[in-house]
4 protein chains.
Amino acid sequence: MNDDSELNEPSPRVTKGALTRTAIMQAAKRVIAIDGFAGMKVADVMAAVGKSPGAFYVHFKSKEALLHELLAVFQHRLRVEVNAPLRADEDPSAHLENRLRTFWRIYREDWPIATAAFQMSMADKQFARAWHNIRQQGIRGFAAVVRAAQKSGGSVGLDPELVASAVTSMIEYACYNWTAATGDFPDRFIDDETAIGVLSHLVLQALRGSEVPLNQ
Amino acid sequence: MNDDSELNEPSPRVTKGALTRTAIMQAAKRVIAIDGFAGMKVADVMAAVGKSPGAFYVHFKSKEALLHELLAVFQHRLRVEVNAPLRADEDPSAHLENRLRTFWRIYREDWPIATAAFQMSMADKQFARAWHNIRQQGIRGFAAVVRAAQKSGGSVGLDPELVASAVTSMIEYACYNWTAATGDFPDRFIDDETAIGVLSHLVLQALRGSEVPLNQ
Amino acid sequence: MNDDSELNEPSPRVTKGALTRTAIMQAAKRVIAIDGFAGMKVADVMAAVGKSPGAFYVHFKSKEALLHELLAVFQHRLRVEVNAPLRADEDPSAHLENRLRTFWRIYREDWPIATAAFQMSMADKQFARAWHNIRQQGIRGFAAVVRAAQKSGGSVGLDPELVASAVTSMIEYACYNWTAATGDFPDRFIDDETAIGVLSHLVLQALRGSEVPLNQ
Amino acid sequence: MNDDSELNEPSPRVTKGALTRTAIMQAAKRVIAIDGFAGMKVADVMAAVGKSPGAFYVHFKSKEALLHELLAVFQHRLRVEVNAPLRADEDPSAHLENRLRTFWRIYREDWPIATAAFQMSMADKQFARAWHNIRQQGIRGFAAVVRAAQKSGGSVGLDPELVASAVTSMIEYACYNWTAATGDFPDRFIDDETAIGVLSHLVLQALRGSEVPLNQ
DNA sequence: TATGAATGAGTGTTCATTCAT
DNA sequence: GATGAATGAACACTCATTCAT
């Protein structure tokens, strides 16, 4: 019945405009990855989408508005996927690794957005706030884990906020440096498991309890 | 009288031009810290120096040339000060902490240069190479330490280059996030000892040997 | 049934299209009153009508064509209503006041059209001609009255065309300045009788015969 | 002494930049007279000055800022020259005519500025305020004259503000219509004395005391 | 060395208009 | 008749860089 019409028509929710909109967001991510946000030209993005420059403004109010939307999606993904609460039956180490794994996966895909926000946050108050919120969201989540670790004797005496900030900094920036073409290993592909393995090892070790000296 | 003033003046090699040159470099760092390198306007820098825009080109061939020079100085400092070799009588932990301390000190002062290079490395091959070299220099140094730690049973099985990349990423980006006005803690001043304390703790723990689970 | 609905509908000539057409013209007038003709966006007008931008071009060939049509209606009203000839039994003063009253009433309603034409006449030859014709129509009518007044000893020696041009200028521009939101008295509502009273007094006095000095 | 240097050098106050600045303002007036302010292209103005488009922004922050400056000069001229107070020994009629004569002279030269301000005042709050102030300045001056005339029995019972508004409207708009290429008499040159003669006659008559009917 | 006016290529954005649906 | 996404020409404005003084 209604099924028929659904089969025959494009899904009613996916209008032509929404498709273009999504295409622009994807293309923008690719262009930002290569040129940075400041270097991203609206015309280039639209050329990548196969549309005229003016069409951009049918879907976004400005270049900045596009980045704000990309950031909103990015932040939403992080909130929903990364900040899943610790389940009762979950091993803290496993929880942390899961969190880190999700973090990695999202950043791996969206680091151009993060980089763009980082760049813009230096010169623009609005982006400074937006980016700050995103970082804080991640930091709060990790800080909770750090506090839990401290109850078990880990990282005793350290400020959980600072530790969380340092840890998210490591993951975030390492993701860029291991993923981007202009990163630390341009001639080498680092697969997800290797990356997550190294990062989660480092983080878990860093948060552990006992204080065995490095060389003994 | 005039003799006195001559005696008080800097050595004959420090000409008026060289002073302006240095002043430009300092001012540029301040402007980059606020606006980023892309947002840095030659005219603003020169205004901060109290000179006309045209005077910039007496001292630097271009805006990019200025950044290349800033980077050269930055890299030189890192090479000379951070990468001091491990002395025979030095405790590896202490060595690492010293290295980290120096790293921190230099970054704390020059992070605008690092940020500028990072940003430019995305769009410009020359800067990509220059910035890559600087990162590699740091990574090589830390990788050596990691290898030493592994001989003592730390971080066994992990790729020392990746570990070193992750660690330098943490320090570098944490330094930005704890120092810059648009960083993670805009309302809080984080003093050097606190910062170095947290970072060295995390790094030392991360590179240690035993593998005690987080929660037990 | 269908018969009924046909009976209830407007006359067959007033199609849906004609209604939209009229609605567009009314909405345009309102938008021009706020933004001017140059600032009038087709999309805004159509939004005010509750239709899509594209629908505009079903009814008008272009933005300019719309203004030309508005002008044609405006001119027609002026011709038919203002330029009624002096009847034999009519008092010249009363005739002038009647003319002025009608003039005022039309301008009060349609000044956005006049303003638009005025603005466009500066840059566009077509509108320059159209607007010139409308002004001339008014000037000719007033000039006839001036000539009549001169036969009675009023404004002797003055060029009737210039006098008529000055008088219509006064009425036209005063109407704008007393009516528009950005006019001379934004905080005050000037009712028709007051306005017509002042204007007709001034015009009648100005066209009178005797030359009593101002201060005696 | 110093005289010598003044003779040999360009006057110290008239720098190269100030000359260009003035040239731009003059050229802008000419372009606005032809195209209107909305139609005025910065590039055209600069071409008329014989400089590159970018040079405009050395002297003015924006197109709007240029108009604001033109308006400031215009308003200053009106304030200083038109609104000279009535001297004790001056005949009120002569005073009014002098006032009108100056008004005319300034408008004759600067009507493009007035027209531009009028156009912009419809869409822009800043210009609405600026233009309103200028009009009010003129209206206040004329209103004082009207009040004086009323004491001698002229225009009794009429609101002086409205009368003044109407009179300035007449002069202002008549000046445009008799001066601009797209005015009422494109094929005819109206010299200053004729114009002033007609206008002052009309105004003086309009403000007189006795109320002789038009036709008798 | 320094000035500062001038350059001119480059880009974000607007909006009247078109057209497939 | 109506839709609304798309077009594309146009234009204000920026800023690194140059150069006559």
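Residues numbered from 1 in each chain as written. Chains lettered and ligands numbered in written order. Predicted model: local features only at pLDDT ≥ 70, side-chain atom pairs only at ≥ 80, totals over all residues. Heavy atoms only, no water.

**Observations concerning the overall build of chain A**
Defined as follows: For helices the rule is a DSSP run of H or I covering at least 4 residues; for strands it is a run of E covering at least 2, with both sets numbered from the N terminus onward. Burial here depends on accessible area, computed with a 1.4 Å probe over protein chains only, as a share of the maximum for the residue type. Under 20% is buried, over 50% is exposed, and the range in between is partly exposed. By the convention used here, residues are in contact when the closest approach between their heavy atoms is within 4.5 Å. Using a 1.4 Å probe, accessible areas were evaluated by the Shrake-Rupley method; residue-level cover was limited to the displayed protein chains.
When its secondary structure is counted, chain A shows nine helices and zero strands. Out of the 216 residues belonging to chain A, those deemed buried represent 51%. Restricting to contacts in chain A with at least 6 residues of sequence separation, those with at least 24 account for 69%. Within the structure as shown, chain A displays about 10100 Å² of accessible surface, and the carbon and sulfur contribution to it stands at 55%.

**Regarding the packing of aromatic side chains**
The description of two aromatic rings rests on the distance between their centres and on the angle between their planes. Basically, it comes down to this: Stacked, edge-to-face and tilted are the three classes for Phe, Tyr and Trp ring pairs, Trp counted by its six-membered ring, which pair at centre distances within 6.5 Å; planes under 30 degrees apart are stacked, over 60 edge-to-face, the rest tilted.
Counted according to the given criterion, the structure contains 44 aromatic pairs over all chains. Measuring from ring centre to ring centre gives 5.9 Å for phenylalanine 103 of chain C and phenylalanine 142 of chain C, while their planes differ by 75 degrees; the resulting arrangement is edge-to-face. Of this pair, phenylalanine 103 of chain C sits in helix α6 (residues 92–123) while phenylalanine 142 of chain C sits in helix α7 (residues 125–151); the two residues are 39 residues apart in sequence, bridging distant segments of the chain. Taking relative accessible area as the criterion, phenylalanine 142 of chain C reaches 2% and is therefore assigned buried. With a centroid separation of 5.1 Å and 85 degrees between ring planes, the pair formed by tryptophan 111 of chain D and tyrosine 176 of chain D is classed as edge-to-face. Taken as a pair, tryptophan 111 of chain D in helix α6 (residues 92–123) and tyrosine 176 of chain D in helix α8 (residues 160–179) lie far apart in primary sequence, 65 residues in all.

**Observations regarding the interface of chain C and chain D**
Quick note on the threshold: Salt bridges are counted wherever a side-chain nitrogen of Lys or Arg sits within 4 Å of a carboxyl oxygen of Asp or Glu. Polar contacts, as counted here, are pairs of nitrogen or oxygen atoms within 3.5 Å of one another; within protein the pair requires one atom able to donate a hydrogen and one able to accept it, and residues that are adjacent in sequence qualify only if both atoms are side-chain atoms. Note on residue classes: Ala, Val, Leu, Ile, Met, Phe, Trp, Tyr, Cys and Pro are nonpolar, Asp, Glu, Lys and Arg are charged, and everything else, Gly too, is polar.
Listed as interface residues are 63 residues of chain C and, on the opposing side, 64 residues of chain D. Counting every contact that joins chain C to chain D gives four salt bridges. In this structure, the salt-bridge partner of aspartate 184 of chain C is arginine 135 of chain D, at a minimum N-O distance of 2.6 Å. In this structure, the connection of chain C to chain D is made through 18 residue pairs in polar contact (both at pLDDT 80 or more). Those elements giving two or more residues to the side of chain C that touches chain D turn out to be α2 (16–39), α6, α7, α8 (160–179) and α9 (192–207) of chain C. A total of 13 residues in the side of chain C that touches chain D trace back to one element, the largest contributor, which is α8 of chain C. Classifying every residue of the side of chain C that touches chain D gives 33 nonpolar, 20 polar and ten charged.

**Here's the deal with the packing of α8 of chain C against α8 of chain D**
Operational definition: Axes here refer to lines fitted to C-alpha atoms; in helices the fit is confined to the stretch in contact. Angles between the N-to-C directions go from 0 to 180 degrees. Any angle that is under 35 degrees is reported as roughly parallel, and any over 145 degrees as roughly antiparallel; angles of 65 to 115 degrees are reported as roughly perpendicular and all others as oblique. If you view the pair so one helix is near and one far, a crossing is left-handed when the near helix is turned anticlockwise from the far one by less than a right angle, and right-handed when it is turned clockwise.
Close contact between α8 of chain C and α8 of chain D brings their axes to 7 Å; oriented N to C, the two are set at 120 degrees. In terms of axis orientation, α8 of chain C runs oblique to α8 of chain D. The hand of the α8 of chain C/α8 of chain D crossing is right-handed. On α8 of chain D, the residues that touch Leu162, Ser165, Ala166, Ser169, Met170, Glu172, Tyr173, Ala174, Asn177 and Trp178 of chain C of α8 of chain C are Leu162, Ser165, Ala166, Ser169, Met170, Glu172, Tyr173, Ala174, Asn177 and Trp178 of chain D. Grouping the constituent residues of the contact of α8 of chain C with α8 of chain D by class yields twelve nonpolar, six polar and two charged.

**A closer look at helix α7 (residues 125–151) of chain B**
Let me state the cut-off plainly: Every helix has an expected span of 1.5 Å times one less than the residues it contains.
The end-to-end C-alpha separation of α7 of chain B is 37 Å, in line with the 39 Å expected for 27 residues at 1.5 Å each. Where α7 of chain B begins, the capping side chain belongs to aspartate 124 of chain B, and its oxygen is found 2.8 Å from the backbone nitrogen of glutamine 126 of chain B.

**Some words on the relation of the copies chain C and chain D**
This is how it is decided: The copies were overlaid with a least-squares fit restricted to C-alpha atoms from residues scoring a pLDDT of at least 70 in each copy.
Of the transformation placing chain C onto chain D, the axial shift is 0.0 Å and the rotation is 180 degrees, giving an RMSD of 0.1 Å. Accordingly, the operation relating the two chain copies is best matched by a two-fold axis. Looking at chain C, 100% of its interface residues are interface residues in chain D too, so the copies touch through the same face.

**Considerations on the protein's contact with DNA strand E**
Here is the rule: Note on terminology: near, applied to a residue and a molecule or strand, indicates that one of the residue's heavy atoms is within 4 Å of it.
Lining the immediate surroundings of DNA strand E are 32 residues, of which Lys41 and Tyr57 of chain A, Ser52 of chain B together with Ser52 and His59 of chain D lie closest. Of all atoms in DNA strand E that approach within 4 Å of the protein, 70% are sugar or phosphate atoms. Separating a phosphate oxygen of DNA strand E from a backbone N or O atom of lysine 63 of chain A is a distance of 3.0 Å. For the surface near DNA strand E, the elements supplying multiple residues, two or more each, are α5 (63–82) of chain A, α2 (16–39) of chain B together with α2 (16–39) and α4 (56–59) of chain D. The leading source of residues in the surface near DNA strand E is α2 of chain B, at three residues. Class assignment of the residues belonging to the surface near DNA strand E gives a composition of nine nonpolar, 14 polar and nine charged.

**With respect to the interface of chain B and chain A**
How big an interface is tends to be expressed through the accessible area that disappears when the partners come together. The interface is formed by 63 residues belonging to chain B together with 64 residues belonging to chain A. Between the two partners, chain B and chain A, sit four salt bridges. Of the charged contacts, one joins aspartate 159 of chain B and arginine 188 of chain A as a salt bridge, the two residues approaching to 2.3 Å between their closest N and O atoms. For the pair chain B and chain A, the interface holds 18 residue pairs in polar contact (both at pLDDT 80 or more). Mapped onto the side of chain B that touches chain A, the elements with two or more residues apiece are α2, α6 (92–123), α7, α8 (160–179) and α9 (192–207) of chain B. For the side of chain B that touches chain A, a count of residues per class yields 33 nonpolar, 20 polar and ten charged.

**Topic: the protein's contact with DNA strand F**
Near DNA strand F, the surroundings consist of 32 residues, among which Thr20, Ser52 and His59 of chain A, Ser52 of chain C together with Lys41 of chain D are the closest. Sugar plus phosphate, as a fraction of atoms of DNA strand F within 4 Å of the protein: 71%. Within the side chain of lysine 41 of chain B, an N or O atom sits 3.3 Å from a phosphate oxygen of DNA strand F. Taking threonine 20 of chain C, its side chain carries an N or O atom lying 3.3 Å from a phosphate oxygen of DNA strand F. Mapped onto the surface near DNA strand F, the elements with two or more residues apiece are α2 (16–39) and α4 (56–59) of chain A, α2 of chain C together with α5 (63–82) of chain D. Of the residues belonging to the surface near DNA strand F, the class tally is nine nonpolar, 14 polar and nine charged.

**As for the pattern of salt bridges**
Charged atoms that come close allow side chains of opposite charge to pair. Following the criterion strictly, the structure yields 52 salt bridges over all chains and no others. A salt bridge links glutamate 69 of chain B to arginine 21 of chain B; its shortest N-O distance comes to 2.4 Å. Here glutamate 69 of chain B is found in helix α5 (residues 63–82), whereas its partner arginine 21 of chain B is found in helix α2, with 48 residues between them in sequence. Overlapping salt bridges, with partners in common, bring together Lys29, Arg77, Glu81, Arg105, Glu109 and Asp110 of chain A in one network.

**So, the domain arrangement of chain A**
Residues and elements named next belong to chain A. Selection criterion: Where each domain starts and ends follows an automatic or database-derived domain assignment. Buried surface area refers to the total accessible area, computed with a probe of radius 1.4 Å, that the two partners give up upon joining, counted for both partners together.
Looking at chain A, the domain boundaries give domain 1 (1–60) and domain 2 (64–216). Note on domain 1 versus domain 2: buried area summed over both sides is about 1100 Å², and carbon and sulfur give 78% of it. Contact with domain 2 buries area across many residues of domain 1, yet Met25, Lys29 and Phe37 alone supply 54% of it, more than any other trio. For the pair domain 1 and domain 2, the number of links is two residue pairs in polar contact (both at pLDDT 80 or more). Of all the elements, α2 adds the most residues to the side of domain 1 that touches domain 2, at ten residues. Classifying every residue of the side of domain 1 that touches domain 2 gives ten nonpolar, one polar and two charged.

**Examining the packing of helix α9 (residues 192–207) of chain A against α9 of chain B**
Closest axis-to-axis distance for the α9 of chain A/α9 of chain B pair is 7 Å, and the angle between their directions is 110 degrees. When the interaxial angle is binned, α9 of chain A and α9 of chain B end up roughly perpendicular. Once α9 of chain A is placed against α9 of chain B, the crossing between them reads as right-handed. Contacts between α9 of chain A and α9 of chain B involve His201, Leu202, Gln205, Ala206 and Leu207 of chain A on the former and, on the latter, His201, Leu202, Gln205, Ala206 and Leu207 of chain B. Of the residues contributing to the contact of α9 of chain A with α9 of chain B, the split by class is six nonpolar, four polar and no charged.

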